[in-house]
Amino acid sequence: GRNVEGSLSLVKYWLVRMLRKLDLPARHIWIRGLARGIAIYHTGLSKPYRDLVETMFRQGLIQMVMSTRALSVGVNMPCKSVVFLVDSQYIDPVEYRQMSGRAGRRGFDVTGCTVFCKMPLSKIARLTLSPNAPLIGASALTIDSVLRALTLYNMAHDKAAVRRCVERWFVLPTTRAVS
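So, here is what we can say about the structure in this document. The structure displayed is predicted, hence computed values, not measured ones.

Cut-offs applied
- Counting restarts for each chain: residues are numbered from 1 in the order of the written sequence.
- Only residues with pLDDT of at least 70 are given local features in this predicted model, and only at 80 or more are side-chain atom pairs given and counted; all residues enter the totals for whole chains, interfaces and linings.
- Only hydrogens and water are set aside when side-chain values are computed; all heavy atoms of the structure are taken into account.
- Put simply, DSSP H or I for four residues or longer makes a helix, DSSP E for two residues or longer makes a strand, and each gets a number counted from the N terminus.
- For each residue, the accessible area found with a 1.4 Å probe, counting protein chains only, is set against the maximum for its type, and the residue is called buried under 20%, exposed over 50%, and partly exposed in between.
- Residues count as neighbours in contact if any of their non-hydrogen atoms are within 4.5 Å of one another.
- Note on areas: Shrake-Rupley, 1.4 Å probe, and residue coverage restricted to the protein chains presented here.
- To get an axis, fit a line to the C-alpha atoms, keeping to the stretch in contact for a helix; angles then go from 0 to 180 degrees between the N-to-C directions.
- Throughout, the term roughly parallel applies to angles under 35 degrees, roughly antiparallel to angles over 145, roughly perpendicular to angles from 65 to 115, and oblique to all others.
- For this classification, the nonpolar set comprises Ala, Val, Leu, Ile, Met, Phe, Trp, Tyr, Cys and Pro, the charged set comprises Asp, Glu, Lys and Arg, and every other residue, Gly included, is treated as polar.
- Think of it this way: DSSP has to see at least two bridges between two strands before they count as a pair.
- With the strands pointing away from the viewer, any crossover whose connection runs clockwise from the first strand over the helix to the second is right-handed.
- Only the six-membered ring of Trp is used, alongside the rings of Phe and Tyr, when aromatic pairs are assigned; centres must lie within 6.5 Å, and planes under 30 degrees apart are stacked while those over 60 apart are edge-to-face, with the rest tilted.
- For this analysis, a salt bridge means a side-chain nitrogen from Lys or Arg found within 4 Å of a carboxyl oxygen belonging to Asp or Glu.

### Here's the deal with the overall build of the chain
Link 1 in the chain: Looking only at helices and strands, one finds 7 helices and 4 strands in the chain.
Link 2 in the chain: Put simply, the chain runs from its N terminus to its C terminus through helices and strands in the order α-α-β-α-β-β-α-β-α-α-α.
Link 3 in the chain: Of all 179 residues assigned to the chain, the portion counted as buried reaches 28%.
Link 4 in the chain: Pairs at least 24 residues apart make up 62% of the contacts formed inside the chain by residues separated by at least 6 positions.
Link 5 in the chain: Per element, the accessible surface of the chain, about 13,000 Å² overall, is 59% carbon and sulfur.

So, in structure tokens, the structure goes:
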């Protein structure tokens, strides 16, 4: 139908763009992998190739993506399962949660699956059982943010709730003493 035609034309656009920009032959191993629904993804790859992988993944044309932690931040590519193939000194509880959080697609999967290979059980336990690190942030105080807060307060029925929200919104960043 029309949706499939739209998907294929979008993929064709990104494929032609990538081949032209990278001067790759159509039989390149990356292209053969994509034709089979298999992709690789990491920041060292060209932007046109990563764009093509993201597009094909969102269209349901990629079934497997082998990646570094590049997919864990800033790329919306949720999947059924996430597999950690080897232990890495760079995987900490925060990184683990970010990467494993890709498992389970909202609206498609009831649960997601995380698989560990070649990783010590003690590290798996540390990654999965560590408490979440507290997130402490602060919004920049600008004229626009103050005007938005005042407008919200003026229009609200529950002024106390808005006041609490705004107080949390403009919390000052905290620092920890390093010993």
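### So, the packing of helix 4 (residues 93–100) against helix 5 (residues 121–129)
Link 1 in the chain: Orientation of helix 4 relative to helix 5, taken along the N-to-C sense of each, is 75 degrees, at an axis distance of 8 Å. Our classification of the angle between helix 4 and helix 5 gives roughly perpendicular. Residues Pro93, Tyr96 and Arg97 of helix 4 pack against Arg126, Leu127, Thr128 and Leu129 of helix 5.
Link 2 in the chain: The residue makeup of the contact of helix 4 with helix 5, split by class, is 4 nonpolar, 1 polar and 2 charged.

### Topic: the pairing of strand 2 (residues 64–67)
Here is the key point about a regular strand: its side chains alternate between the two faces of the sheet.
Link 1 in the chain: With 4 bridges connecting them, strand 1 (residues 38–41) and strand 2 associate as parallel partners. Residue Tyr41 lies in a different strand from strand 2, and its bridge partner there is Ser67.
Link 2 in the chain: Viewed along the sheet, the connection from strand 1 through helix 3 (residues 47–58) into strand 2 turns out right-handed.

### Things to note about the packing of aromatic side chains
Link 1 in the chain: Considering all chains together, one arrives at 4 aromatic pairs under this definition.
Link 2 in the chain: When the centroid spacing of 4.6 Å and the interplanar angle of 45 degrees are considered together, the rings of Trp30 and Tyr49 count as tilted. Here Trp30, found in helix 2 (residues 29–35), pairs with Tyr49, found in helix 3; they are 19 residues apart in sequence, far enough to count as distant.
Link 3 in the chain: Taking 5.7 Å as the distance between ring centres and 40 degrees as the angle between the ring planes, the aromatic pair formed by Phe84 and Tyr96 counts as tilted. With Phe84 in strand 3 (residues 81–84) and Tyr96 in helix 4, this pair connects stretches of sequence that are 12 residues apart. Side by side, Phe84 and Tyr96 carry an identical accessibility label, which is buried.
Link 4 in the chain: Feature note: the residues Phe84, Tyr96 and Phe116 constitute an aromatic cluster, connected by ring pairs.

### Regarding the pairing of strand 3
Link 1 in the chain: Residues Val82 and Phe84 point to one face of strand 3 and are all buried, whereas Ser81 and Val83, pointing to the other face, are not buried.
Link 2 in the chain: As judged from the 4 bridges shared by strand 3 and strand 4 (residues 113–116), these two strands associate in the parallel manner. Paired with Ser81 across the two strands is Cys113, which belongs to strand 4.

### Some remarks on the side chain of Ser100
Link 1 in the chain: Residue position: Ser100 is located in helix 4.
Link 2 in the chain: Judged by relative accessible area, which is 12%, Ser100 ranks as buried.

### Remarks on the pattern of salt bridges
Link 1 in the chain: Scanning the entire structure with this criterion turns up 3 salt bridges.
Link 2 in the chain: Two residues, Lys47 and Asp51, come together in a salt bridge whose shortest N-O distance is 2.7 Å. With Lys47 and Asp51 both in helix 3 and 4 residues apart, the pair spans about one turn of that helix.
Link 3 in the chain: Assessed through its relative accessible area of 47%, Lys47 is described here as partly exposed.
Link 4 in the chain: Salt-bridge contacts for Glu54 lead to Arg58; the nearest nitrogen and oxygen are separated by 3.6 Å. One end of the pair, Glu54, and the other, Arg58, are both in helix 3, 4 residues apart, so they sit about a helical turn from each other.
Link 5 in the chain: Overall, Glu54 belongs to the buried group, its relative accessible area being 14%.

As far as function goes, none of this settles anything; it's purely spatial.
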